[in-house]
Each structure stands twice: as C-alpha cells, then as structure tokens.
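Chain by chain, the residues run as shown.
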Amino acid sequence: MTDSLNYFAYIFQILLFVALLGATALLVYQRFKAIRRNILLGRDLEMPENKQKGLGKVLEFAVAQRKMFARPIVGLLHYLIFAGFVLINSELLEIVLDGLTGSHRLFAGFLPTSLYQFLIGFYELMGFFVVVACVVFFVRRNVLKVERFQKPEMKGWASLDGNLILIFEVILMFFLFTMNATDSILQERGAAHYAIFESPTRFLVSQFFIPLYSGFSDSSLVLIERTAWWAHISGIFAFGIYVTYSKHLHIIMAFPNTYYTRLQAKGKVENMESVTNEVKIALGIAEPDPNADPNAMPERFGAKDATDLTWKNLMDAYACTECGRCTDSCPANLTGKKLSPRKIMMDTRDRIEEIGAQMDSLGENYQHDGKFLYGDYVSKEELLACTTCNACVEACPISISPLDIIMQMRNYVAMEEANVPDSWKSMLTNVGNNAAPWAFPASDRFNWAQETK
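These lines cover the structure that appears in this document, whether it is placed above or below.

Procedures and definitions
- Within each chain, residue numbers correspond to sequence positions counted from 1 in written order.
- Restriction of local features to residues with pLDDT of at least 70 applies here, the model being predicted, together with a cutoff of 80 or more for giving and counting side-chain atom pairs; totals for whole chains, interfaces and linings are based on all residues.
- Working from all heavy atoms in the structure, the side-chain values ignore hydrogens and water.
- Each helix is a run of DSSP H or I of at least 4 residues and each strand a run of E of at least 2, with the numbering of both proceeding from the N terminus.
- Only buried Ala, Val, Leu, Ile, Met, Phe, Trp, Tyr and Cys residues count toward a nonpolar core, and they belong to the same one when joined by side-chain atoms within 4.5 Å.
- The buried label applies to any residue whose accessible area, calculated with a 1.4 Å probe on protein chains only, is under 20% of its type's maximum; exposed applies above 50%, and partly exposed to all values in between.
- It only takes one pair of heavy atoms within 4.5 Å for two residues to be counted as in contact.
- Throughout, the arc means that of the directions going from the helix axis to the C-beta atoms.
- Only one rule defines a salt bridge in this text: a Lys or Arg side-chain nitrogen within 4 Å of an Asp or Glu carboxyl oxygen.
- Aromatic contacts are taken between Phe, Tyr and Trp rings whose centres are within 6.5 Å, Trp giving its six-membered ring; a plane angle under 30 degrees counts as stacked, one over 60 as edge-to-face, and the others as tilted.
- Charge over a ring is defined by NZ of Lys or CZ of Arg lying within 6 Å of the ring centre and within 35 degrees of the ring normal.

### Some points on the environment of Asp289
You can see Asp289 is positioned in the loop between α10 (273–283) and α11 (311–319). With 12 residues separating them in the primary sequence, Asp289 and Asn277 have C-alpha atoms 9.9 Å apart.

As structure tokens, then:
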C-alpha cells in the first residue's frame, strides 16, 4: 500500500511539475510575442551591419556592465545580483530535471562528490551576496532615499516594482537555504533517498539555518524540504513571468539593445531624410526621383505618437532599467526643469504598451484612441527644456538614447505645429535665409575680424 502511494505521489509530482513548467513557458512566450509585436509597430530603421562591434558592445555593457562601475560600490553590488542571478539559475537545470524525473539531486550521481559540493557551496555563496546586495539596495531606496529614486515619475508602481523584486529575490534565497538546510539534516539522519553522500553535506550558508529545523521529525523535515523546493521553483517561474511586465525586463533586453548600439559619433543628430532630400534638390546636388509622386508628402514630420518612433527607440523603452542615471546627469533636470530623460523612456514604454493592449482587446476593430505620446504623456515644456547635450545617452549603462526620442518629438513640434518659442523662430528663419543663426548675410559673417584690426 505504501509503495502504491509513493508511486502515485511520484507520478503526481511529475505531472504537476510539467503542467507548471508548460504554463510558465506559454505565458512567457505569449508575453515576448506581444513585446516583439509592439516593438515592430515602430518605423523601420536600417542598422549598420557590424556584428563584431555589436557583440563587443554586448560584452562591454550587458555582460561586463562597464558603465555601472562609474559608481564602484553600487556597480559591484549590482554586478553581484546579476552574476548571482545567472549563476544560481544555472542550478535551475538540476532542479528542473529533478522535477521532471522525480529524482533528488540528479547531478550528484554523475559528478565527483567533492566537485558537486563545491558547486553547491559556490551557488550558496552567490545567493548570500545576492541577499546582501538586495538589502543594501532596499535601504538605499527606502531609508536613505537616494534622490534619483524620489523623482515624480518614480511614485506609485515604479517604486513598488523596484521594491517587490528585491523582496522577491530575498524570499527565493530563503527557500533555497531552507531546502538545503533540511536536506543536510535528512542526510545526516540517513533518511530515505536523501542519504546520497558518504558523509552529510554541510552547505556553506545553509548550515547556519540548521538549528531552525533540527528539532523536527523526519516526516516534518521532508515536508519542509519539499515545500521549500516547490516554493523555490514556483517562485523562479513566477519571477520569469513577472519580469516580462516589470522594469527588470532589462535583464533580457539589455543584450539585444546593446547589440544594436548606435555606432555613429556621439551627439550626432540625424537629419530627416525627406527634408534632407528636398534641400539637396534645392541646392542642385541631387536629382528628384523620376518615379516619385510629386504631390506625395510624409505622413508626419517627426514623432507625435509612439508608433512614429523607430523600432530601436521602442526597444530602448523596453530595455530601460529606470535606474535614473540619465536624469541624474541631465543639466535641465538638475536646474529644476520638468524634463526627465527617464520619464521620457517610461512614457514611451507605457504608450506603446497601451497601444498593444488595445490591439489585443479590439482585434480587427482596433482604431486609434485619439491619445498621443506627445501631449498626453510628454509635454512641450519637457521637450523644449532639452539642451541636446547627450549627457543622458552617455550616462545610460546600456546605451539607451532618450535624446533621439526627444529630438523626433521636437521635430514634430517645430515642423507640424510650428509652435516653438519666438527666439527659436528667429533662429530658424535666419538659418533658412542666411545659413547661420544670426540676422546678417553670410558675406558679412567675418566683418568682426576686420573691426578688430
């Protein structure tokens, strides 16, 4: 009878685990499918083919996180969380195989005992570092109240999201340490299939949890160990789903985003192709396209809504870490202006998410909702405050360009609305008439030199 119950429990565990794994994979797949669709709602953009430099940027910014170490202590703590997340989840392979096969510590049967225990100890040490880093970051956000995390755009969900993920990771590590601690006690007692080593394993960190559970019976320890196992693996699956809706999507999006890093000179402003062609034709340095419709006009000059931006701009928005280094470096924001480059990225992501959600809910009946990125999310005051200094781009750890989005929306304000300050209008008129921002002809441009003689 006992053997039959154990067999059914074994089959039930496998079926439950497969169902959980399948549901997680399906939800993550559907979410990434929607994200990809949303990104591709942006305008097409030809990126220069340079795989070597693209991979170099991935290694430099996404893997080595070079820019994060501009602030060494914070950079080190962030890297510990990143490295811990990657390395600890490599242990996930064994946990998944244990769930699929109903085994316990499957790899212990293939690897030398000393090597296996070293790896487990290393994973535990990384888990401990993750806990320390998460606690430090939680204190920085909520006790020390670092200024860049207190900006208006960080109120509400943005702040809660940052705290939830820190708490979530600490809880995951607690379940991991509990699982290992109870496992160690059961090994020492020679209980059932837990006695897989010649001598009980003293896990590097989990051994300090042993006194919490040493007074329990074998059956209670098995229940605690199995509960911790299920809680840990379920938590990881839930984390995987949650990340796709969170700012922590940058864990994944940082890699493609840095691969497509802009390779042009920093600060170079791209001219609008349609306008550039018209100017070249007017100057006689280009010929009109004989096949072009002479009455054809661009659908819109610049960007008014998220779909007017390029797919790379939208990828930038999904890759944004909301770390605030861009806003912290912005001279406009530092002098009290309303502009926050981080808010620009958050607004762009929120808007394209809103459009995508409406497309999903309305299907073939989808129609534009009458809202726009410019006006409903981003104000003209924010756009005009930008000095185009490129500080935000330089500060971003993963090479996001809020400036590019700002410039495209500012093109719309100037060319579609013609609604810029009078000083700008005078300057633009002078550039058009005199090829310079000053109100005198080009022939008089060097008169100042004669006056100094």
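### Quick look at the nonpolar core
In terms of nonpolar packing, the biggest core is built from 45 residues, with Leu339 and Met409 touching the most fellow members. Tallying contributions element by element places helix α18 (residues 402–417) first for this core, with seven residues. Dropping the residues within four chain positions of it, Leu339 is found in contact with Cys330, Ala332, Asn333, Ile344, Glu382, Ala385, Cys386 and Ile406. Listed in part, the 41 residues of the second largest apolar core include Ile185, Phe209, Phe237 and Tyr242.

### Things to note about helix α9 (residues 250–259)
Among the residues making up α9, those that are buried are His250, Met253, Ala254, Asn257 and Thr258. Taken around the axis of α9, the buried residues stretch over an arc of 125°, which confines them to a single face.

### Some details on the pattern of salt bridges
In this structure the tally under the stated criterion is 17 salt bridges. Note that Glu147 is salt-bridged to Lys151, the shortest N-O span being 4.0 Å. The exposure class assigned to Glu147 is exposed, which follows from its relative accessible area of 58%. Note on Lys151: relative accessible area 15%, which makes it buried.

### Remarks on the packing of aromatic side chains
By the definition in use, this model includes 18 aromatic pairs. Residues Tyr79 and Phe82 carry aromatic rings whose centres are separated by 5.7 Å and whose planes lie at 55° to one another, so their mutual orientation is tilted. Of this pair, Tyr79 and Phe82 both sit in helix α3 (residues 72–90), separated by three residues, roughly a single helical turn. In this structure an aromatic cluster arises from ring pairing among Phe17, Trp229, Trp230 and Phe237. Over the ring of Tyr245 we find Arg31, and its NZ or CZ is 4.3 Å from the ring centre. We note Arg141 situated over the ring of Phe149; from NZ or CZ to the ring centre the distance is 4.3 Å.

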